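Structural overview
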Amino acid sequence: LGIFGFLWWLAPRHPLVKQMRPAARRYMARFLPAMLLYVAVFEASVWYWLHMHPTGMAAVLAALAPSVPVLFAIRAMLLLLREETDEYLRARGMEEWAMATVLTLGVCTVWGFLDQFEVVPHLPLWAVFPLWAVCIFPAHLIVKKRHS
């Protein structure tokens, strides 16, 4: 494991992690490994697709493999809200997620119509989750401003 093993050992001891609420620490312990696994599985799947040229069920499994760690990351997000005991933080999290969802729906709708008329390049559906994750940042700023 090398550097990853060292980072895994070091992370819970970092001062910023010690300041996190228990639910947030559990979230990070679930989410980060899922995302690291996603990167590895995605790279392996792309390599397998490009070099082995699978067909049939092998192609289906290669295509589906990267989605499994992403689903675990989404599960980690849901568990964070369920396990957070502070009602205010849970409500703010839900408001941020709702705002990010609204922003994502708006972008996807506009992009979809532009795509339909071939004005912009086509984006695959798997891009929706990363777009939603990017939308969390402006959603966080909007919700923070509304609550301050």
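Quick look at the structure, then. (Residues numbered from 1 in each chain as written. Predicted model: local features only at pLDDT ≥ 70, side-chain atom pairs only at ≥ 80, totals over all residues. Heavy atoms only, no water.)

**Side note on helix α7 (residues 128–147)**
The condition that has to hold: Strands here mean DSSP runs of E at least two residues long; helices mean DSSP runs of H or I at least four residues long; both are numbered from the N terminus. Multiply 1.5 Å by the residue count of a helix minus one, and that product is the helix's expected span. By definition, a residue's bend is the angle between the axes fitted to the seven residues ending there and the seven starting there. Accessibility here uses a 1.4 Å probe with only protein chains present; expressed as a share of the type maximum, an area under 20% marks a residue as buried, one over 50% as exposed, and anything in between as partly exposed. In this analysis, two residues are considered to be in contact whenever any of their non-hydrogen atoms come within 4.5 Å of each other.
Between its first and last C-alpha, α7 extends 28 Å over 20 residues, near the 28 Å set by a 1.5 Å rise per residue. Considering bend angle alone, the principal kink of α7 is centred on F137 and spans about 30°; proline P138 follows within four residues of it. Along α7, the residues that are buried comprise W132, C135, A139 and V143. Contacts made by the buried residues of α7 are with α5 (67–83) and α6 (87–116).

**Some points on the packing of aromatic side chains**
Condition: Under the pairing criterion, centres of Phe, Tyr and Trp rings, with the six-membered ring standing for Trp, must be within 6.5 Å; the plane angle then separates stacked pairs below 30 degrees from edge-to-face pairs above 60, leaving the rest tilted.
Applying the stated rule across the entire model yields 4 aromatic pairs. Between Y27 and F31 the ring centres are 5.2 Å apart and the planes differ by 25°, which places this aromatic pair in the stacked class. In this pair, Y27 and F31 both sit in helix α3 (residues 22–52), 4 residues apart, roughly one turn of the helix. Looking at Y27, the relative accessible area reads 17%, which means it is buried. Here the aromatic rings of F129 and W132 are separated by 6.2 Å at their centres, their planes lie at 15°, and the arrangement is stacked.

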